[in-house]
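So you can see what is in the structure, the chains are spelled out below.
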Amino acid sequence: YTQGALGPLLYLAGKGLPAPRDTATRGENRMSHTINAALVGYGFAGQTFHVPFLTSTPGLSLGWVVSRDAAKVQSDLPGCRVGSLAEVLADPSVDLVVIATPNDTHAPIAREALLAGKHVVIDKPFALDLAEAKALVELAEKQQRLLSIFHNRRWDGDFLTVRRLLAEGELGQVAQFESHFDRYRPEVRQRWREAGGPGSGLWFDLGPHILDQSFQLFGQPDWLQADLAQQRPGALADDYFHVVLGYGEMRVVLHGSCLVSATMPRFVIHGSEGSFIKFGMDVQEEQLKLGKRPPAADWGVDNEPGQLSRIRDGQLQQQSVAGEAGDYGAYYRGVCAAIRGEGANPVPAGEALAVMALLDLARDSAREGKRLACQILSD
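Attention here is on the structure that accompanies the text. These figures come from a predicted structure and were not determined experimentally. (Residues numbered from 1 in each chain as written. Predicted model: local features only at pLDDT ≥ 70, side-chain atom pairs only at ≥ 80, totals over all residues. Heavy atoms only, no water.)

1. Focus: the pairing of strand S9 (residues 174-180)
- Counted residue by residue, S9 has five buried out of seven residues, so it is predominantly covered.
- Strand direction decides the pairing type here: S9 and strand S13 (residues 265-271), joined by five bridges, are antiparallel. Paired with Glu178 across the two strands is Val268, which belongs to S13.
- When S9 meets strand S12 (residues 250-257), the two strands line up parallel, connected through five bridges. Note that in S12 the partner of Ser179 across the bridge is Leu254. (Buried < 20%, exposed > 50% of the residue type's maximum accessible area, 1.4 Å probe, protein only. Helix = DSSP H or I, 4+ residues; strand = E, 2+ residues; numbered from the N terminus. Pairing = 2+ DSSP bridges.)

What follows is the structure in C-alpha cells.
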C-alpha cells in the first residue's frame, strides 16, 4: 500500500532519514467488502473528529471501540462492541485500527496493530520523535499495510482558500506567510495535554497542524528557529510557540498561544502583488461539537470572507474572497480508497515523517536558542 515517499534523502540537523519506499498495491489484497474499523480511545479527539466520519463514510463501518467507559460508548453507539486492544487485534474481521489516544501511546499501539496485520490511522503527531516515527513507517512497509496520519486540517476551508489563491498567483511572489492558531485558555487544565509528560504541550498539539499545512504549500524549509515557552501560572508544558521557517528570502511564521483574548487573523500573507488576511477558524470543529454532521447543507461553509488587497494603477483595491468549503470527510474517503487499492493514501507516512522531523528540530532549536539548518540532499 502506497505510503508516499519524501523523494530525496532528508537530513535535518544531522539526522539522517531515508525516504520510504513506495509499495505497489497488490491486486489480491484489494477489498470489495465494507471496511471494518476499530477506534482505540474515546476521548475528545475520538468522539469529535473520528466517530462522525467512521460512522458516516460509505463503505466504512465502526464495529469496535477500545475504552474504559463502556456505558458511554454503548449509549452513544448502540450495537458497537467495547473491549480491549487485544480483543480488537484478535478479531480477523477488523481491517482498520484508528488510534485517538494520548500522544505517548500512539506508536506502541500502532506497532501492535501493524504486527497484527491491520491497517492503521493515527491521530497527529504519530510518534514522540523522528526515530520512533521512522520505525513505524518501516514496519508498515514490511507488513504491507496502510499507515496514514490524521492531518485533517489539510481540509480546513480557510487553508483550501489560501492554497487556491497561491496556486492562482493572486499575490505574486510570496514574501511573508503567517499562520496563527491562538486560543484564550488562561487556566491550566487537568489533562494529559497540559501535564508536562511526553508528547504534551501546545507545540505537539497544534504545531503538527500548521507545520503540515506549511509543508503542503512550500515544502521543506532551508532553516528553522523556534521559541517555546510556558507562560501561564502553573504551566507544566509549553503553552506558547513562535516558529520561523526560512525559504530563501521568504519567511513563514507559525504562532500559537493560550493567552490571546483578542481576535487575531488566522492567516496573513504578503506578496509582490498583494496581501491576504483571513480572520476566523475553520467551522468544522465547532459544527462537530454542536452535533452537526455532513452532508448538512452548511457543512464546512465559512461565512467570514478573507480580504485581498492589491495596488492597481497606484490605487489600493480591496475585495472580499469567499472561502472554500471545508471537508474533513475527504480524509476517510481517501483512506477507504487507498485500502481498496483505488486511490492514494490521503496523508502518506512519508509526508508525516517530514512534519515529525520539523517538530523535533523545533524542540532542538528552542532548547539551544539558535537557528538550525534543514538540508535536503538528492538520493
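2. Observations regarding the packing of aromatic side chains
- Overall, the coordinates contain 11 aromatic pairs when judged by the stated rule.
- An angle of 65 degrees between the planes, with centres 5.0 Å apart, marks the rings of Trp203 and Phe241 as edge-to-face. With Trp203 in helix H7 (residues 202-218) and Phe241 in strand S11 (residues 240-247), the pair connects residues that are 38 residues apart, well separated along the chain.
- Accessibility expressed as a relative area gives 0% for Phe241, which makes it buried.
- With 5.8 Å between their ring centres and 55 degrees between their planes, Phe218 and Tyr247 make a pair best called tilted. Of this pair, Phe218 sits in helix H7 while Tyr247 sits in strand S11, and the two are 29 residues apart along the sequence. (Phe/Tyr/Trp six-rings, centres within 6.5 Å; stacked < 30°, edge-to-face > 60°.)

3. Quick look at helix H4 (residues 106-115)
- Taken together, the buried positions of H4 are His106, Ala107, Ile109, Ala110, Ala113 and Leu114. Down the axis, H4 shows its buried residues gathered within 160 degrees of arc, on one side only.
- In this structure, the buried side of H4 is in contact with strand S3 (35-40), helix H3 (85-90), strand S6 (96-99), strand S7 (119-123) and helix H5 (130-143).
- Positive phi appears at Gly117, one or two residues downstream of H4, with a value of about 85 degrees. (Arc of directions from axis to C-beta. Contact = heavy atoms within 4.5 Å.)

4. Remarks on the packing of H4 against H5
- Their axes nearest at 10 Å, the elements H4 and H5 cross at an angle of 10 degrees. Overall, the two elements H4 and H5 adopt an arrangement that is roughly parallel. On H5, the residues touching Ala107, Pro108, Ala110, Arg111, Leu114 and Leu115 of H4 are Glu132, Leu136, Leu139, Ala140 and Gln143.
- Considering only residue class, the contact of H4 with H5 consists of eight nonpolar, one polar and two charged. (Axes fitted to C-alpha atoms, helices over the stretch in contact; angles between N-to-C directions. Parallel < 35°, antiparallel > 145°, perpendicular 65-115°, else oblique. Nonpolar A, V, L, I, M, F, W, Y, C, P; charged D, E, K, R; others polar.)

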